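Coordinate inspection notes
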Amino acid sequence: FYGGRDSNKNISEADLAAAESSLRNALERNPANVRARVLLASVYHQQHAPAASEKELRAALERVPNNDLVHMRLGIVLREQGKYQDAFKEFRIIERKRPNQPQMLFQTALTHKASGNCRLASAYMKRLLLYTKKNDRPDIAKLKPRAKAVIEECGGQPAPGKKRTH
């Protein structure tokens, strides 16, 4: 999910189909199995079936409405479908609890960029870089080059409320 479409490109279609079958069987035995739902949503995501992925994530949220990971994944799936406002709602749920959570900042920025709002995309990426300045964890480190690229692509526009000096 977080690495984009290429993050799991080495998973064969046969392996995805086998995983889908196993997860569906698990859900037939126990429809309340949140882990199986989230994993099945991931499989659907890799199979380029966003509506099916969204359905499983929404079903998971019925059981675990405060799970940030599920909200994050749902936001990504919604963004990929062009449902930007719905994606923002999912990311805001996380932002209210953890305003400087790096993955939330990153995904929110990507959603702003996808929706055509470079100013907010740049502002969120700048927040990400500010709050992760001393964080060298590999999962965070790999976000930083993309964050810098988005800021550059957006012309380094200032955060909302700040005036650019010439």
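Check the entry above for the structure.
Residues numbered from 1 in each chain as written. Predicted model: local features only at pLDDT ≥ 70, side-chain atom pairs only at ≥ 80, totals over all residues. Heavy atoms only, no water.

**Comments concerning the state of the cysteines**
Tallied over the entire structure, the rule returns 1 disulfide. Each sulfur in the disulfide pair C118 and C154 lies 2.2 Å from the other. Disulfide C118-C154: torsion about the S-S bond near -70°, hence left-handed. Highlighted residues: C118 in helix 7 (residues 118–131) and C154 in the segment after helix 9 (144–153), separated in sequence by 36 residues. Look at C118 and you get partly exposed, because its relative accessible area is 22%. With a relative accessible area of 3%, C154 lands in the buried category. (Disulfide = S-S within 2.5 Å. Helix = DSSP H or I, 4+ residues; strand = E, 2+ residues; numbered from the N terminus. Buried < 20%, exposed > 50% of the residue type's maximum accessible area, 1.4 Å probe, protein only.)

**A look at unusual backbone geometry**
You will see that H48, though not glycine, has its phi angle at about 60°, which is positive. Its location among the elements puts H48 in the loop between helix 2 (34–46) and helix 3 (50–63). For H48, a relative accessible area of 53% puts it in the exposed group.

**Digging into the nonpolar core**
Of all hydrophobic cores here, the largest spans 31 residues; its most connected members are M125 and L128. Secondary structure elements with two or more residues in this core: helix 2, helix 3, helix 4 (68–80), helix 5 (84–97), helix 6 (102–114), helix 7 and helix 9. In terms of residues, this core owes the most to one element, helix 4, which gives 6 residues. Discounting residues that sit within four places of it in the chain, L128 has contacts with P102, L105, F106, L143 and A147. In terms of nonpolar packing, the next biggest core, distinct from the first, is built from 8 residues, L16, L27, A36 and L40 among them. (Core = buried A, V, L, I, M, F, W, Y, C linked by side-chain atoms within 4.5 Å. Contact = heavy atoms within 4.5 Å.)

**Regarding the pattern of salt bridges**
Taken as a whole and assessed by the stated rule, the structure comprises 11 salt bridges. When the shortest N-O distance is used, the salt bridge between E54 and R58 registers 2.9 Å. Note that E54 and R58 are positioned in helix 3 at a spacing of 4 residues, about one turn of the helix. Residue E54 is classed as buried on the basis of its relative accessible area, which comes to 10%. (Salt bridge = Lys/Arg side-chain N within 4 Å of Asp/Glu carboxyl O.)

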